[in-house]
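Structural overview for review
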Amino acid sequence: FIHKIQGDGFSSPLVDEVHVVEGVVTASFFGLSGFFVQEEDADADADPMTSEAVFVSSGELPANGSKVRVIGKVEENFGKTQLKTSESLVDCGVDVVSVLNIDLPFASAEARESVEGMFVSSSGDLLVSDNYNLGR
């Protein structure tokens, strides 16, 4: 499960191991050479400290909503957990995941870590304070 790869800390307890995950693509980024995949709702755990999503570093960019199986090495990249694919993706059809509604600002860094890579929404107003990084 993705939450096992993410773990409940700031870095994955499974770094340098190869794992297989299956989940729903929530966002693909050509410029980042990868996409985010999130655990199906039925497979999410009840631990509020573990994220249910992970970035997948891959040359393949599946469409949002695609359900894919990925095999790759667990890495930390700029403080974010990712899987670096070692084989082609397996198309498992389509699926949807629920959007997680979050309240900002976060109460702690741990709270931010617990939603790393997840499909989130915030009902409050947001303010951009650094437009240099906005386009990146």
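Computed from a predicted structure; not experimentally measured.

Time to look at the overall build of the protein. Helices and strands together make up the secondary structure of the protein, namely three helices and eight strands. Going residue by residue from the N terminus, the α and β elements of the protein occur as α-β-β-β-β-β-β-β-α-β-α. Relative to a compact globule of 136 residues, whose C-alpha radius of gyration would be 14 Å, the protein shows 15 Å and is just as compact. Principal axes of the C-alpha set define a box for the protein whose edges measure 40 × 30 × 30 Å. Looking at the protein residue by residue over its 136 residues, the buried ones come to 35%. A sequence separation of at least 24 residues applies to 61% of the contacts in the protein between residues at least 6 apart. Positive and negative side-chain charges of the protein, numbering 8 and 23 respectively, have mean locations separated by a distance of 6 Å.

Under the counting rule described, the total for this entry stands at two aromatic pairs. Taking the centre distance of 6.1 Å and the plane angle of 90° together, the rings of Phe 29 and Phe 36 count as edge-to-face. Given a relative accessible area of 22%, Phe 36 falls into the partly exposed group. With a centroid separation of 5.1 Å and 65° between ring planes, the pair formed by Phe 36 and Phe 55 is classed as edge-to-face. Placement of Phe 36 in strand S2 (residues 34-38) and of Phe 55 in strand S3 (residues 53-57) is noted, with a sequence separation of 19 residues between them. Phe 55 gets classed as buried once you look at its relative accessible area, which sits at 12%.

On to unusual backbone geometry. Residues Leu 104 and Pro 105 are joined by a peptide bond in cis, for which omega reads 0°. By the secondary structure assignment, Pro 105 is in the loop between strand S7 (100-101) and helix H2 (109-113). In this structure, Ser 33 takes a positive phi of about 55° despite not being glycine. If you trace the backbone, Ser 33 turns up in the loop between strand S1 (18-29) and S2.

Calculation rules
Residues numbered from 1 in each chain as written. Predicted model: local features only at pLDDT ≥ 70, side-chain atom pairs only at ≥ 80, totals over all residues. Heavy atoms only, no water. Helix = DSSP H or I, 4+ residues; strand = E, 2+ residues; numbered from the N terminus. Rg over C-alpha atoms; globule rule 2.2 N^0.38 Å. Buried < 20%, exposed > 50% of the residue type's maximum accessible area, 1.4 Å probe, protein only. Contact = heavy atoms within 4.5 Å. Lys, Arg positive; Asp, Glu negative; His and termini not counted. Charge placed at Lys NZ, Arg CZ, Asp CG, Glu CD. Phe/Tyr/Trp six-rings, centres within 6.5 Å; stacked < 30°, edge-to-face > 60°.

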